[in-house]
Amino acid sequence: MDLNKIVRDNILRLKPYSCARDEFKGREASVFLDANESPFNGPYNRYPDPLQVELKAAIAREKGIPSPYIFLGNGSDEAIDLVYRVFCEPGIDNVVAIQPTYGMYGVCADINNVEYRQVPLGEGYNLDADALLGACDEHTKVIWICTPNNPTGNVLDRKQIETVIELFDGIVVIDEAYSDFCDERPFRYDVGRYDNLIVLNTFSKAWASAAIRLGMAYANPAIIAFFNKVKYPYNVNMLTQQEALKVLSDRRRYMKWLITTRQERDNLMPSFALLPFCQKVYPSSANFFLAKVTDAERIYNYLIDCGIVVRNRNNVALCEGCLRITVGDAQENNALLSALRKAPF
Ligand SMILES: *Cc1c(COP(=O)(O)O)cnc(C)c1O
């Protein structure tokens, strides 16, 4: 893949904003009079590190990805939007995505005025590389894949994904927001091998930190450089950087969360499957599962009346009649089951 042919011309030519903290490259300084900051209210008076060097080093250790291959953003959503802004010419280029999948790929396509082509997953929500590649044309810049997929919960076949990466002459994004919950080898280890691969991770799920808004994109440094060129200079604030370092520092606590959630999932799914109105529970490698029920609207509304919110996916193509249920803690999962066992239908 020739990156210069994939990146938009205006982005290739772009001379990025150079902030005060970018330009200062000297020794340790103690007097900062370069950024029009206030001298009061430390440490919040200072701009945060625009390239998040310390945090990237900690993520590099945790994830086994070298720092130069890491981009950090305000949630994965920032990376998703940047993919469009870097690679897709509005009104001309298109992207191809699996269906059903995470809604933000389509929303960001619409915002950026980029055609969004959806290719339905096959039997068992499985991926067919040929179908995905068949939907591409000379204006297809990006293919979106999500594994384990949201809202279906299943892991897509590695061989099929590898075929897509190897045969597609553009960017393949693999969203691994839920990969911490499964045992398959994640694709993030392959960003050194494929120069057209971008892998997304997030602190919002297994790392239990949705509030701090932190997402990662892993890719070869040439792609990361374009992301850095286009992003807002201080896109990850200081509080987020500090909190992420804190949550990363307690690996045992993280492992406990992960093991507990997986155990709860493995308890909740078979119990849910026994409910009289449950027609099918789809296999899950994530912290949620998809369930087909006799009357999704009615059960959804009944749960709302019980003060329990699940995700109604009844109106999503290929998910008709389905609810998506997040695995909570033991108490929340019991509340869900006992409400449903008392349901008058
Ligand atoms: C939850 C989720 C994310 C997380 O997005 P953030 O902006 O990092 O919170 C990303 N991708 C998928 C598929 C998700 O389900």
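Only a predicted model underlies this, so the values are computations on that prediction, with no experimental measurement involved. Along each chain, numbering runs from 1 in the same order as the chain's sequence is written. Where local features are concerned, this predicted model is filtered to residues with pLDDT of at least 70; where side-chain atom pairs are given and counted, the filter is 80 or more; whole-chain, interface and lining totals use all residues. No hydrogens and no water enter the side-chain calculation; it runs on all heavy atoms of the structure.

A. Structural detail: the side chain of S179. Secondary structure elements follow DSSP: runs of H or I no shorter than four residues count as helices, runs of E no shorter than two count as strands, and numbering proceeds from the N terminus. Mapping S179 onto the fold places it in the loop between β5 (171-175) and β6 (197-202). Burial here depends on accessible area, computed with a 1.4 Å probe over protein chains only, as a share of the maximum for the residue type. Under 20% is buried, over 50% is exposed, and the range in between is partly exposed. The buried category is assigned to S179, whose relative accessible area is 9%. Setting aside its immediate chain neighbours within four residues, S179 contacts P148, P186, R188 and N201. When checking whether two residues touch, look at their non-hydrogen atoms; a contact exists if any pair is within 4.5 Å.

B. Representation of the nonpolar core in the model. Residues grouped as a nonpolar core are buried Ala, Val, Leu, Ile, Met, Phe, Trp, Tyr and Cys residues, joined through side-chain atoms within 4.5 Å. Judged by nonpolar contacts, the single largest core of 54 residues is most densely connected at I59, L132, I143, I145, I174 and F203. No other element matches helix α4 (residues 53-63), which puts four residues into this core. Sequence-distant contacts of L132, that is, excluding residues within four places in its chain, are made with V96, A97, I98, V119, L127, I143, I145 and V164. V114, L200, A217 and F226 belong to the second largest nonpolar core, which has 34 residues in total.

C. Spotlight on the sheet that holds β6. In this description, strands pair whenever DSSP reports at least two bridges between them. Taken in spatial order, the seven strands of this open sheet run β1-β7-β6-β5-β4-β2-β3, and their pairing is mixed. Edge positions in the sheet fall to β1 (70-73) and β3 (115-120), since each has one partner strand and no second. Across the sheet, the mean angle separating the axes of adjacent strands is 20 degrees when strand polarity is ignored. Along the sheet, α4 makes contact with β1, β6 and β7 (215-218), crossing β1 at roughly 120 degrees. Angles here are taken between N-to-C directions and fall from 0 to 180 degrees, while the axes themselves are lines fitted to C-alpha atoms, restricted in helices to the stretch in contact. The strands touched by helix α9 (residues 221-230) within the sheet are β1, β5, β6 and β7, with β1 carrying the most contacts at an inclination of about 25 degrees.

D. View of the side chain of S285. Relative to the elements of secondary structure, S285 occurs in the loop between β8 (278-281) and β9 (288-293). Not counting residues up to four positions away in its chain, the partners in contact with S285 are P148, G153, V155, Y178, F181, C182 and R265.

E. Structural view of the site of the ligand. The cutoff for a nearby residue is simple: one of its non-hydrogen atoms must lie within 4 Å of the molecule or strand. Taken together, 14 residues lie near the ligand, and D175, Y178, T202, S204 and K205 sit nearest. Each residue receives one of three labels: charged for Asp, Glu, Lys and Arg, nonpolar for Ala, Val, Leu, Ile, Met, Phe, Trp, Tyr, Cys and Pro, and polar for the others, Gly being one of them. Class assignment of the residues belonging to the shell around the ligand gives a composition of five nonpolar, five polar and four charged.

F. Spatial organisation of helix α5 (residues 76-87). Expected helix span is taken as 1.5 Å per residue step, with the number of steps being one fewer than the number of residues. Taking 1.5 Å as the rise per residue, α5 with 12 residues should run 16 Å; its terminal C-alpha atoms sit 17 Å apart, in good agreement. S76, E78, A79, I80, D81, L82, V83, Y84, V86 and F87 are the residues of α5 that are buried.

G. Local environment of α9. Taken residue by residue, α9 has I223, I224, F226, F227, K229 and V230 as its buried positions. A distance of 2.9 Å separates the backbone nitrogen of A222 from a side-chain oxygen at the start of α9, and that oxygen is part of N220. Nitrogen and oxygen atoms within 3.5 Å of one another constitute a polar contact, given that in protein one can donate a hydrogen and the other can accept it, and given that sequence-neighbouring residues count only through two side-chain atoms.

H. Region of interest: the environment of R265. Within the fold, R265 resides in helix α11 (residues 251-273). With 21 residues separating them along the chain, R265 and A286 place their C-alpha atoms 8.6 Å apart. Discounting residues that sit within four places of it in the chain, R265 has contacts with F181, P270, S284, S285, A286 and V327.

I. Representation of the packing of α4 against helix α10 (residues 238-249) within the structure. As a packed pair, α4 and α10 sit with axes 10 Å apart at the nearest point and diverge in direction by 30 degrees. If you check the angle between α4 and α10, you find them roughly parallel. For the pair α4 and α10, the crossing hand works out as left-handed. Residue-level contacts link E54, L55, A58, I59 and E62 of α4 to Q241, A244, L245 and L248 of α10. Residue classes in the contact of α4 with α10 are distributed as six nonpolar, one polar and two charged. What sets the label is the angle itself: under 35 degrees gives roughly parallel, over 145 gives roughly antiparallel, 65 to 115 gives roughly perpendicular, and the rest give oblique. It is the rotation of the near helix from the far one that decides the hand of a crossing: anticlockwise by less than a right angle makes it left-handed, clockwise makes it right-handed.

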